[in-house]
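So you can see what is in the structure, the chains are spelled out below.
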Amino acid sequence: MKTIQIIFSLSIFLMLSCNKDDDASGFVPTLPAITQIGANTFGCSAGNVLITPRNGTGTFNSTDEGMILWGGGITPEITYHEIDVHDYKSVRTSSVLIHIQALHENGEGIYPILESNGQNSIDGPDHTHIFCRIWKNETEGYQYYLSIANTGNVNVSRYDVDAGIVSGTFSCEARNFQTPYDTIQITQGRFDINGFTLPEKVFQ
C-alpha cells in the first residue's frame, strides 16, 4: 500500500498551474536565508526566474498550497521525499519539484541529482531529480526544464524525524523538455521545512 501516491503528468501540471490572481500588490520575490530551524522557507533561481512558494485561491473551495512535503513508498518504509513548490499567485506562475530518493534511509548528506523525466511519485525515476516550470519571455510561454544527470546535488544539512525538519541546499543544470538544446541553471536553492507546521503556513 502506498503511504502517499501523487501522479501528475506534465499536462496535468500545466492545467493546475494556471494563473490564479494578477499580483497588483507589487510583490517582489526574495531568497530566504539559509537556515536549519524548520522555518518553512524555500527559494531558488531557475533560468533567472526566482521561485518562491505562494498560495493560490483554489478552484474547488480550497486553497492551493504554495509548498507541500510528501513522503512515499511501500508501508512501513518511506523510500522517497518530494518538495513540491508552486507560485500560484504571481502574474507569471512557476513551480519546481525536488525528488529526494532514500532520504529516510540515508539522512543528512549529499544526494547527486540525476536525470528527470518530468514526472513525480511512482511515475518519476527512483533517484534524486528535479524539474521546474517557468515563463520564458523569449518564447512567450511556459517551459518545462528537467534536471541533467551529474550537474549538481541536493545537500541535506538537517534531517530530524522527531522534529519533522528537513533542510538543505541544491543546484543543477536542466534542459528544456521540448527543445533539449535549451538549458538553464538552477542555482541558489535552499529549503528549510517543518513537516508538522507546514500545513499551517500561509505563503502570501
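One numbering rule holds for all chains: residues counted from 1, following each sequence as written. It should be noted that, the model being predicted, local features are given only for residues of pLDDT at least 70 and side-chain atom pairs only at 80 or more, the latter also being counted only at that level, while totals for whole chains, interfaces and linings use all residues. Values reported for side chains reflect all heavy atoms of the structure, with hydrogen atoms and water molecules removed beforehand.

**Q** Is there a simple way to explain the layout of surface pockets in this structure?
**A** Unoccupied space between atoms shows up once a probe the size of one water molecule is rolled over them. Using only the protein atoms, space was sampled on a 1 Å grid; points where a 1.4 Å probe fits but cannot get out form cavities, open sets with protein on both sides within 12 Å along at least five of seven lines form pockets, and lining residues are those with an atom within 4 Å of a point. Grid points are joined across faces, edges and corners, and a volume is the space filled by probe spheres set on the points. Reported here for the largest pocket is a volume of approximately 390 Å³. Put simply, DSSP H or I for four residues or longer makes a helix, DSSP E for two residues or longer makes a strand, and each gets a number counted from the N terminus. Of all the secondary structure elements, the ones that give two or more residues to the lining of the largest pocket are β3 (67-72), α2 (103-106), β9 (153-160) and β10 (165-176). Ranked by the residues each element gives to the lining of the largest pocket, the list is headed by β3, at five residues. As a working rule, the residues Ala, Val, Leu, Ile, Met, Phe, Trp, Tyr, Cys and Pro are called nonpolar, Asp, Glu, Lys and Arg charged, and the rest polar, with Gly in that last group. Residues that form the lining of the largest pocket fall into these classes: 14 nonpolar, five polar and two charged.

**Q** Any chance you could explain the side chain of His99 here in plain terms?
**A** Mapped onto the elements, His99 comes out in strand β5 (residues 94-101). Note on classification: 1.4 Å probe, protein chains only; a residue is buried when its accessible area is under 20% of the maximum for its type, exposed when over 50%, partly exposed between these limits. By relative accessible area, His99 is classed as buried at 1%. In protein, a polar contact requires one atom able to donate a hydrogen and another able to accept it; more generally it is a pair of N or O atoms within 3.5 Å, and residues adjacent in sequence count only if both atoms are side-chain atoms. A polar contact is formed between the side chain of His99 and the side chain of Gln101, at a distance of 2.7 Å. Note on contacts: a residue pair qualifies if any of its non-hydrogen atoms lie within 4.5 Å across the two residues. When near neighbours in sequence (up to four residues on either side) are disregarded, His99 contacts Tyr80, His81, Glu82, Ser121, Pro125, His127, Thr128 and His129.

**Q** What's the story with the pattern of salt bridges in this structure? I'm lost.
**A** Should the charged atoms of two oppositely charged side chains come close, the side chains can pair. For this analysis, a salt bridge means a side-chain nitrogen from Lys or Arg found within 4 Å of a carboxyl oxygen belonging to Asp or Glu. Inspection of the entire model under this criterion finds three salt bridges. Put simply, Asp182 and Lys136 hold a salt bridge, and the shortest N to O gap is 3.5 Å. Remark: Lys136 occurs in strand β7 (residues 129-136) and Asp182 occurs in the loop between β10 and β11 (183-194); sequence separation between them is 46 residues. Given a relative accessible area of 16%, Asp182 falls into the buried group. Between Asp160 and Arg158 there is a salt bridge, with the nearest N and O atoms lying 3.1 Å from each other. Judged by relative accessible area, which is 22%, Arg158 ranks as partly exposed.

**Q** Would you mind going over the environment of Thr187 with me for this structure?
**A** Looking at the secondary structure, you find Thr187 in strand β11. Once the C-alpha coordinates of Thr187 and Leu50 are considered, the two residues, 137 residues apart in sequence, prove to be 9.6 Å apart. If near-sequence neighbours (up to four positions away) are discounted, Thr187 is found in contact with Cys44, Ser45, Phe170 and Ser171.

**Q** What exactly am I supposed to notice about the pairing of β10 here?
**A** Side-chain positions along a regular strand alternate between the two faces of the sheet. Pairing between strand β8 (residues 141-147) and β10: three bridges, direction antiparallel. Opposite Ser147, over in β10, you have Ala174 as the bridge partner. For β9 and β10, the ladder comprises seven bridges, and the chain directions are antiparallel. When the sheet's bridge partners are listed, Tyr159 is paired in β10 with Val166. By definition, two strands form a pair when at least two bridges between them are found by DSSP. Once β9 ends, the chain turns through four residues before running back antiparallel as β10, passing Gly164 with a positive phi of about 75 degrees. Here ten bridges tie β10 to β11, and the two strands are oriented antiparallel to one another. Paired with Ile165 across the bridge in β11 is Asn194. Taking the residues that link successive antiparallel strands as the turn, the β10-β11 hairpin has six residues.

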